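This is what each chain is made of:
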Amino acid sequence: MIPGKRRAAVMSFSVAILGALMLQSVSSQNEPSISTSEHTTLPVEGDAYLLQCNLTSAHSEHQESYWMKNGEEIPETRSPNRNTEYSLNKPRGDAAGWYTCVYTFEMAPPANATIEVKSAPDITGHKRSENKNEGQLAVLYCKSVGYPHPVWTWRKLDNGIPREIDNSSGRFFISSRDNYTELNIVNLDINVDPGEYHCNATNMLGTRDEKIVLRVRSYLAPLWPLLGVLAEIIILIVIIVVYEKRKKPDDLQDDDDHTGPVKTNSTNNHKDKNLRQRNTN
Amino acid sequence: MTNAKPKAEGRRDDEAPDGGWGWVLVGALFVSTSLVFGLMRSLGVFFVEFVQYFEESAQAISWISSTGLAAQQFFSPLGTALCNAYDTRVVVMTGGCLAGLGFILASQATSLVHLYLTMGVISGLGWGLVFTPMVATVMANFTRRRSLVLGVGFSSIGLSSFAFNPLFQLLVETYAWRGALLILGGLSLNIVACGALIRPRRRSKAPAKVDPESSLSCAAVLRRVSSYLELSLLVDRPYVTYTLGITLLNVGYFVPYFHLVAHSRQAGFSEYQAAFVMSAAGATDILGRVVSGWFADLGHFRLIHLLTVSTTLAGLFIMLLPVSSLCGSYAALMAISLLYGFCSGALTSLVFAVVPLIVGVERMMGALGLLQLIESSAGLLGTPLSGWWRGEAVLSHCCLSG
């Protein structure tokens, strides 16, 4: 290699490296930095927990700041402050999630930082029992609160032992999403499907179980009482008609014949024919 | 020689034996009335299910029971005419079959219109063929104790609504509303058994109207039909006066039942207290029916006077209701409601019992049918009118004195 060319290569290489280093330091100087309060786990002591964000350094003046919870903006949290706070009052399970403080800039993309508020899952929404007819669709669901979002499992109680749901008949469909899970059973089978189902929510902080009782009504079930009632009515009518037929010759004529003056028991007519008496029949 | 018992002395054609088989008929009236009106009043449980299943508004669903009631009252003259023409027993048993059929068909309904037709029209027709003929039959079998047995018979409405509400709730939960309606249809068929208890009674009406020569001509048929329907009563002045009075009464009769709860809530009482007032008024209603029937039969006063008195009192208590609630005193509201319930129950027993005194036992059947039809128009009008005319209904009670 010609000595002059080697020197040129080394020179341009070192310029490139220097340039990259400089670019690095310059850009890191421009990126805003935010300091946040600690990630925490519920429950906390005290009535409220404070989430804090402080914009420690920025390349330009920020416009405003606001908070987001689980990716959605919390209303009425916009403020021009550098040091922004969000207070969780009496935080319970539904306060858990990931909170983000966002700073917007005029000429640059917004900057944000995330604080995680974790808690063990708690199942808040479920139906204690579900009654459906044969062949219908049953939807069993469970809702939970807590963060991180739990892993859902469904089990069926079989002779007192919870067992994974056997989907060999292909009628069970489970769909789970964040804090909600659904177990759909199509074409209910009255022999196999009724029983106790458990939805289980588990995350790294804890686990929770809830039970739902599924009852399947058969289409034929109401026919038995109906037949019983019909039998009772027919028996009653038969008894009434038979009773009437047997009594009829004797004294059912009392309403019918008014064919003349009512006879009295007076014996005026018979005894004394000699006596002229006026009969008052 | 038959062992004929001596007939009651001086018994004329329109005096009936009080007692004996009559009491069995009272039992039949009790059961059938409870299966007609008691059932009608307890359908609320089903309406909740219908709202959910058919996804219609509560108002659309409530039309079912309105249709049923309207059909029952509209077909009453038809029922009584048929009884005049044919045998009462057959008519009542047919009505029972129709009522049961309506509910059994309703259990297969797939749309709201089906329910209107089955639970409304068919069952209503069945009820119309049952209620008035049964009342007329029982009244025909009693003279001295007429009001008492009517009171006992009508008390079944209140008692059965108490019993039916939890029963229907249980049926709906166990069998779903379709199964429950099916079973209800079966229960309604018990009316057929009640109808079977009516002994065939030969009355002078049917044979006298058959005229062999001209029985096929149009005019003769019309004449017969109008005699069965007792249309001649429409020009009978005492009857018309009475009917108009009862019609006016009906304008105001239902007002308290619809507005009492709302009124109590408005006066500042809790939901629970308001509902309790309604239940208490219902209980005294039952009591009032029986007691007034018993008292009327003691014979100290004329029935029409008793009716006027209880109607006036009922009107008076309705007037006092706003006053009592304005005072804000729960005890006063409760007391007035109890008294109102008693008077309203009292007049219910007497309304029917007065009819044979006006038109005679012979024409009583048709008279009752026409009465039901005419007073139903008032019931239809009354509820909407009451919405914007609360206290005025009282005046109608005073008009009854005529």
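In case you missed it, the structure is sitting above this.
The notes below deal with the structure included here. (Residues numbered from 1 in each chain as written. Chains lettered and ligands numbered in written order. Predicted model: local features only at pLDDT ≥ 70, side-chain atom pairs only at ≥ 80, totals over all residues. Heavy atoms only, no water.)

Points about the overall build of chain A
Part 1 of the reasoning: Helix and strand counts for chain A stand at two helices and 16 strands.
Part 2 of the reasoning: Taking contacts inside chain A between residues at least 6 apart in sequence as the whole, the part at least 24 apart equals 61%.
Part 3 of the reasoning: By element, 53% of the accessible surface of chain A is carried by carbon and sulfur atoms, the whole surface being about 18,800 Å². (Helix = DSSP H or I, 4+ residues; strand = E, 2+ residues; numbered from the N terminus. Contact = heavy atoms within 4.5 Å. Areas by Shrake-Rupley, 256 points an atom, 1.4 Å probe, with all protein chains shown as cover.)

Regarding the sheet that holds strand β6 (residues 83-89) of chain A
Residues and elements named next belong to chain A.
Part 1 of the reasoning: If you walk across this open sheet you meet the three strands as β1-β3-β6, and the pairing is antiparallel. Lying at the two open borders of the sheet, with one neighbouring strand each, are β1 (33-36) and β6. Within this sheet the neighbouring strands show an average axis-to-axis angle of 20°, counted without direction.
Part 2 of the reasoning: Pairing geometry for strand β3 (residues 48-57) and β6, over seven bridges, is antiparallel. Residue pairing in the sheet places Asn54 in a bridge with Asn83 of β6. (Pairing = 2+ DSSP bridges. Axes fitted to C-alpha atoms, helices over the stretch in contact; angles between N-to-C directions.)

Section: the pattern of salt bridges
All names here are of chain A.
Part 1 of the reasoning: Applying the stated criterion across every chain yields a total of eleven salt bridges over all chains.
Part 2 of the reasoning: Salt-bridge contacts for Lys118 lead to Glu116; the nearest nitrogen and oxygen are separated by 3.8 Å.
Part 3 of the reasoning: Given the relative accessible area of 19%, Lys118 is considered buried.
Part 4 of the reasoning: Classification of Glu116 by relative accessible area gives partly exposed; the value is 24%. (Salt bridge = Lys/Arg side-chain N within 4 Å of Asp/Glu carboxyl O. Buried < 20%, exposed > 50% of the residue type's maximum accessible area, 1.4 Å probe, protein only.)

Considerations on unusual backbone geometry
Part 1 of the reasoning: Residue Pro43 of chain A is reached from Leu42 of chain A by a cis peptide bond, and omega for that bond is 0°.
Part 2 of the reasoning: In this structure, Pro43 of chain A sits in the loop between β2 (40-41) and β3.
Part 3 of the reasoning: Going from Tyr147 of chain A to Pro148 of chain A, the amide bond is cis rather than trans, its omega being 0°.
Part 4 of the reasoning: Relative to the helices and strands, Pro148 of chain A is located in the loop between β10 (138-147) and β11 (151-158).
Part 5 of the reasoning: Phi is positive for Glu76 of chain A, which is not a glycine, with a value near 60°.
Part 6 of the reasoning: If you trace the backbone, Glu76 of chain A turns up in the loop between β5 (72-73) and β6.
Part 7 of the reasoning: On the accessibility criterion, Glu76 of chain A (83% relative accessible area) is exposed.
Part 8 of the reasoning: Phi at Glu55 of chain B takes a positive value of approximately 55°, unusual for a residue other than glycine.

Don't take any of this as a statement about function, it's just geometry.
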